[in-house]
Structure formats: C-alpha cells, structure tokens
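Descriptive analysis of the structure
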Amino acid sequence: MGEMTINETAHAIHDWAKRKGWWESDRNTGELLALAHSELSEALEDYRIGKMDTYLDDNNKPCGFPSEIAYCMIRLMDTAVALGINLEHEIEQKMAYNEKRPYRHGGKVA
Ligand SMILES: [Mg+2]
C-alpha cells in the first residue's frame, strides 16, 4: 500500500472486504465495533505475555502485538468506509481541535 493516503488505504481495505464476501448483506454496526475491539483485546493479551514483535504462525498468519493493532485499524477502516465516514477529514478535524487543547488537556493524568 506504500504511499497511499488514509482514505485510499481505507477504500482499498473495504474493496478487499467486499471481494471476500463480507458485505453481501447488511452488517450490524455494534458487531463491527466489537470485532475491532476484539483485535485490541488480542493486542492486550500479546502485551501481557510479551509477544511484542510480529511472527508468523503455522499457517503463515501474522500474529503478535503489532499485527493485532494493524488488524484493529483494518477493521475500523473497513467499517468507516462502509458507514460513509471520511476518515482523513475526521482525523484532521479532531487533531486540529486537539492541537488547541492545553498541555495534558489541563492536568489530566491519562
Ligand atoms: Mg487478531
């Protein structure tokens, strides 16, 4: 995917998901969010056991913390395109707002 923009990447991911049959019927948005979250949970488990590098399992499937983070992004990008969300615009808008916020957003610890 190299030098693709965020939106180009998101659309390529959604096109792939459609080709693979994941959008032949309407999908429940709550389920899509839960599936993205499941990848974060897998990332947390990898973190807990120190699998912080990507490795290939017996089926050549990428596994490990970085791969789970990536898959979460893939699922979110697929979902965003399906719902008509312009991710680039939303990220730019949110970061423009964040840039104006005070250091640690006024004293938050996390
Ligand atoms: Mg996973």
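Just so it is clear, the structure is predicted and the values come from calculations on it, not from any experiment.

**Quick look at the packing of helix α1 (residues 6-19) against helix α4 (residues 87-99)**
Running from N to C, α1 and α4 point in directions that differ by 140°, and their axes come no closer than 8 Å. Relative to α4, the element α1 is oriented oblique. Only Leu87, Glu88 and Ile91 of α4 make contact with α1, whose side of the interface consists of Ile6, Asn7 and Ala10. When its residues are assigned to classes, the contact of α1 with α4 shows four nonpolar, one polar and one charged.

**What about the coordination of the magnesium ion?**
Ligation of the magnesium ion by protein atoms is provided by Glu39 (OE), Glu42 (OE) and Glu68 (OE), these donors lying 1.9 to 2.1 Å from the ion. Here Glu39 falls in the buried class, since its relative accessible area comes to 5%.

**Some thoughts on the side chain of Asp78**
Along the chain, Asp78 falls in helix α3 (residues 65-82). Comment: no salt bridge for buried Asp78; closest opposite-charge side chain is Arg27, at 4.5 Å. For Asp78, the side chain forms a polar contact with the side chain of Trp23, separated by 3.0 Å. With near-sequence residues (within four places) excluded, Asp78 lies in contact with Ile13, His14, Ala17, Trp23 and Arg27.

What counts as what
- Residues numbered from 1 in each chain as written.
- Predicted model: local features only at pLDDT ≥ 70, side-chain atom pairs only at ≥ 80, totals over all residues.
- Heavy atoms only, no water.
- Axes fitted to C-alpha atoms, helices over the stretch in contact; angles between N-to-C directions.
- Helix = DSSP H or I, 4+ residues; strand = E, 2+ residues; numbered from the N terminus.
- Parallel < 35°, antiparallel > 145°, perpendicular 65-115°, else oblique.
- Contact = heavy atoms within 4.5 Å.
- Nonpolar A, V, L, I, M, F, W, Y, C, P; charged D, E, K, R; others polar.
- Donors = N, O, S within 2.8 Å, 3.2 Å for Na, K, Ca; no water.
- Buried < 20%, exposed > 50% of the residue type's maximum accessible area, 1.4 Å probe, protein only.
- Lys, Arg positive; Asp, Glu negative; His and termini not counted.
- Salt bridge = Lys/Arg side-chain N within 4 Å of Asp/Glu carboxyl O.
- Polar contact = N/O pair within 3.5 Å; in protein donor to acceptor, adjacent residues only side chain to side chain.

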